[in-house]
Amino acid sequence: MTTDTHPAAEHRTREKPLLSVQGLRKSFGEREILKGISFDVMSGQTLVLIGPSGSGKTTVLRCLNYLETPTAGAIELAGEPVGGAYVGEAAKWAPLPEHRLALQRSKFGFVFQRFNLFPHLTALQNVAIGPRKVLGLSRAQAEERAAEQLARVSLAEHMDKRPSQLSGGQQQRVAIARALAMEPRLILFDEPTSALDPELVHEVLDVMGDLAREGMTMIVVTHEMGFARRAADKVIFMADGHIVEEGPPEEVFTAPREEKTRRFLTHVLNR
Amino acid sequence: MTIDWAIVEMAIPLLAVGTVMTLKIASVAALLGLTGGIALGLVSLGGWAWMRWLVRGYVDFIRGTPLLIQIFIVFFGLPLMGFRLGEFWAGVIALSLNSAAYIAEIVRGSVGSVEKGQTEAAKSIGMTQGKILLYILLPQSIRPMLPALTNDIITLLKNTSLLSVISVYELTRSGQAIVASHFAPLEIFALLAIYYYAIISVVSWISRVIERRLPAW
């Protein structure tokens, strides 16, 4: 290595991944949805998962924070195994008790396709309830934090509205603020714009783009290829529960190696 | 057929005394039944498996046997177990145990029917099952639960009449006493019906007021 190597670049080569997934499998009954998925995400990276519906993208996300329990495989967040621990000399896998799993889950933000905001709470309360009830902040502290995060997604003037009084795009931004308020290590986005009217898609994508630029680590399942191209550091193309191809977006989009990827891309890009 | 208005006039204040007792029993039993029912309902939603089975068995027993039999079991069973509480408390306990089982089912049903995405969203911000129930699911279920709960409170109110069999001097019993001494069954039972109807109308009205005041979204 020469002396003029940029120190940051040198640091990066030795950096451990923030999230590491090895041989992830998931079956629902007889049907195997994930057939051995492995990938790493570095801190600050945006990873975009693309692929036809039914390819298992959403299931990957849901396994990462244990909304679904994986059938097999290992997930590590910042070096710590997710969902359980290896105990004793035989290093036997023991699932975490509920309260510890819940705590671990709070380190993954999750943004749902259908927002899943709490309808009985205002926007502010939706964002504040996690810091208040899970992190144990006082009401004032939690609401201050919630107001900050709502301002970050440009919703400061809608804080006191209930979800039903907000547009889809606004609701999804509240959901993003709700995830952010927990100060997660990374955020998982499950088709965050699929339930939105076309003219509202951009306001959510803009917020996500800002987050990516600010260095938030994100894994995004999406059909928005424009967003994938602009914001992704890495794109993974999945089909039938496998990773077919992965690489930087310019490579996957302009020169896909696999026939399956090519077919999928011609299909979605010519819509 | 003539109506003996003198008896009616005489009975009105006497029945009012029984009404007070009926209201007393019903309100204490409703309070205990609601508390117990909500607790049992929450256990059957989020408790350990063995606790859920216990609640299941309890609800099955209560639904599968007549209230009258349950009243006798409590009335004769409690003294055997060393509790000498008298007929008032025996009645209150029997009615509470009965309504708690039905209310548990209402709670389980309405909390269980809150959309699954709510639980997932709450999990995703790190909430445990108990917190999810308390802060997310239960507040959303109260309004849809209200009509069914009102129904149960009304049933409970009418069921207090069964306590006449263990000589609780409630509305029905006080009417029976008048019938026994004056033999004017039609007048008295018609009066009883009017009394019950009036009480229950008030309960339904209160329930509608509460329902209107509950926040909607």
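Bear in mind that the values here come from a model prediction, so they are computed numbers and not experimental data. (Residues numbered from 1 in each chain as written. Chains lettered and ligands numbered in written order. Predicted model: local features only at pLDDT ≥ 70, side-chain atom pairs only at ≥ 80, totals over all residues. Heavy atoms only, no water.)

1. What about the overall build of chain A?
Reasoning step 1: Within chain A, the secondary structure is distributed over ten helices and twelve strands.
Reasoning step 2: Computed over its C-alpha atoms, the radius of gyration of chain A comes to 19 Å, within 12% of the 18 Å expected for a compact globule of 271 residues.
Reasoning step 3: With respect to the three principal axes, the spread of C-alpha positions in chain A is 55 × 55 × 50 Å.
Reasoning step 4: Evaluated residue by residue, chain A yields a buried proportion of 51% over its 271 residues.
Reasoning step 5: In chain A, of all internal contacts separated by at least 6 residues, the share reaching a separation of at least 24 is 64%.
Reasoning step 6: The positive charge centre, built from 33 side chains, and the negative charge centre, built from 34, are 4 Å apart in chain A. (Helix = DSSP H or I, 4+ residues; strand = E, 2+ residues; numbered from the N terminus. Rg over C-alpha atoms; globule rule 2.2 N^0.38 Å. Buried < 20%, exposed > 50% of the residue type's maximum accessible area, 1.4 Å probe, protein only. Contact = heavy atoms within 4.5 Å. Lys, Arg positive; Asp, Glu negative; His and termini not counted. Charge placed at Lys NZ, Arg CZ, Asp CG, Glu CD.)

2. Section: the layout of surface pockets
If you roll a probe as big as a water molecule over the atoms, it shows you where there is empty space left.
All names here are of chain B.
Reasoning step 1: Considered as a void within the structure, the largest pocket measures approximately 480 Å³ in volume.
Reasoning step 2: As for the largest pocket, its lining consists of 21 residues, and the residues nearest its centre are Leu34, Thr150, Ile153, Val203 and Ile210.
Reasoning step 3: Of the residues forming the lining of the largest pocket, the biggest block, nine residues, is contributed by helix 6 (residues 129–159).
Reasoning step 4: Taken together, the residues of the lining of the largest pocket break down into 18 nonpolar, three polar and no charged. (1 Å grid on protein atoms, 1.4 Å probe; cavity = no way out; pocket = protein on both sides within 12 Å on 5 of 7 lines; lining within 4 Å. Points joined across faces, edges and corners; volume = space filled by probe spheres on them. Nonpolar A, V, L, I, M, F, W, Y, C, P; charged D, E, K, R; others polar.)

3. Description of the sheet that holds strand 4 (residues 72–77) of chain A
Residues and elements named next belong to chain A.
Reasoning step 1: The strand order 2-1-4-5 describes an open sheet built from four strands, whose pairing is antiparallel. Bordering the open sheet on either side are strand 2 (31–41) and strand 5 (80–81), each of which pairs with just one other strand.
Reasoning step 2: Here strand 1 (residues 19–28) runs beside strand 2; their pairing, made up of eight bridges, is antiparallel. In the strand pairing of strand 2, leucine 24 is matched with isoleucine 37. (Pairing = 2+ DSSP bridges.)

4. A few points about the UniProt feature "domain: ABC transporter" (unreviewed entry) in chain A
Reasoning step 1: In this numbering, the UniProt entry assigns the feature "domain: ABC transporter" (unreviewed entry) to residues 19–265 of chain A.
Reasoning step 2: Helix makes up 35% of residues 19–265 of chain A and strand 28%, whereas the separation of the span's terminal C-alpha atoms amounts to 27 Å. (UniProt positions renumbered as here; feature names shortened; annotations may be inferred.)

5. Quick word on the interface of chain B and chain A
Reasoning step 1: On the side of chain A, 24 residues touch chain B, which itself brings 21 residues to the contact.
Reasoning step 2: When the two sides are added together, the surface that chain B and chain A hide from each other amounts to roughly 2000 Å², 63% of it contributed by carbon and sulfur.
Reasoning step 3: If you sort the residues of chain B by the area they bury against chain A, B:Ser124, B:Ile125 and B:Trp217 come out on top, with a joint share of 31%.
Reasoning step 4: Applying the counting rule to chain B against chain A returns one salt bridge.
Reasoning step 5: For A:Arg62, the salt bridge is made with B:Glu120, and the minimal N-O distance between the two is 2.6 Å.
Reasoning step 6: Scanning the region where chain B abuts chain A turns up six residue pairs in polar contact (both at pLDDT 80 or more).
Reasoning step 7: Elements represented by at least two residues in the side of chain B that touches chain A include exactly helix 5 (116–124) and helix 6 of chain B. (Buried area = accessible area lost by both parts, 1.4 Å probe. Salt bridge = Lys/Arg side-chain N within 4 Å of Asp/Glu carboxyl O. Polar contact = N/O pair within 3.5 Å; in protein donor to acceptor, adjacent residues only side chain to side chain.)

6. Topic: helix 4 (residues 123–133) of chain A
Reasoning step 1: Most of helix 4 of chain A is tucked away: eight of the eleven residues are buried.
Reasoning step 2: On its buried face, helix 4 of chain A is in contact with helix 5 (139–152) and helix 6 (168–180) of chain A together with helix 6 of chain B.

7. Quick word on the pattern of salt bridges
Reasoning step 1: Across all of its chains, the model carries 17 salt bridges over all chains by this definition.
Reasoning step 2: A:Glu214 is paired through a salt bridge with A:Arg152; the nearest N and O atoms lie 2.9 Å apart. Of this pair, A:Glu214 sits in the loop between helix 7 (201–213) and strand 10 (217–221) while A:Arg152 sits in helix 5; the two residues are 62 residues apart in sequence, bridging distant segments of the chain.
Reasoning step 3: Classification of A:Arg152 as partly exposed rests on a relative accessible area of 38%.
Reasoning step 4: With a shortest N-O distance of 3.5 Å, A:Glu259 and A:Arg262 are connected by a salt bridge. Of this pair, A:Glu259 and A:Arg262 both sit in helix 10 (residues 259–269), three residues apart, which is roughly one turn of that helix.
Reasoning step 5: Residue classification places A:Glu259 among the partly exposed residues on the basis of a relative accessible area of 44%.
Reasoning step 6: In the salt-bridge network here, residues are joined through shared partners; they are A:Arg62, A:Glu68, B:Lys116 and B:Glu120.

8. Some points on the sheet that holds strand 11 (residues 234–239) of chain A
Residues and elements named next belong to chain A.
Reasoning step 1: Strand order in the open sheet formed by six strands is 8-9-10-3-11-12, with mixed pairing between adjacent strands. Both outer strands of the open sheet, strand 8 (108–111) and strand 12 (242–247), are each paired with one neighbouring strand and no more. Pairwise comparison of adjacent strand axes, ignoring direction, gives a mean angle of 20 degrees for this sheet.
Reasoning step 2: Packed on one face of the sheet, helix 10 meets strand 3 (46–50), strand 11 and strand 12 and runs near 100 degrees to strand 11. (Axes fitted to C-alpha atoms, helices over the stretch in contact; angles between N-to-C directions.)

9. Re the UniProt feature "domain: ABC transmembrane type-1" (unreviewed entry) in chain B
Reasoning step 1: Per the UniProt annotation, the sites labelled "domain: ABC transmembrane type-1" (unreviewed entry) are residues 19–207 of chain B.
Reasoning step 2: Between the C-alpha atoms that bound residues 19–207 of chain B there is a distance of 20 Å. The span itself is 85% helix and 0% strand.

10. Details of the UniProt feature "transmembrane region" (unreviewed entry) in chain B
Residues and elements named next belong to chain B.
Reasoning step 1: Here the UniProt-annotated "transmembrane region" (unreviewed entry) positions come out as residues 25–49, 61–82 and 188–207.
Reasoning step 2: Helix makes up 82% of residues 61–82 and strand 0%, whereas the separation of the span's terminal C-alpha atoms amounts to 23 Å.
Reasoning step 3: The span residues 188–207 is 100% helix and 0% strand, and its two end C-alpha atoms sit 29 Å from each other.

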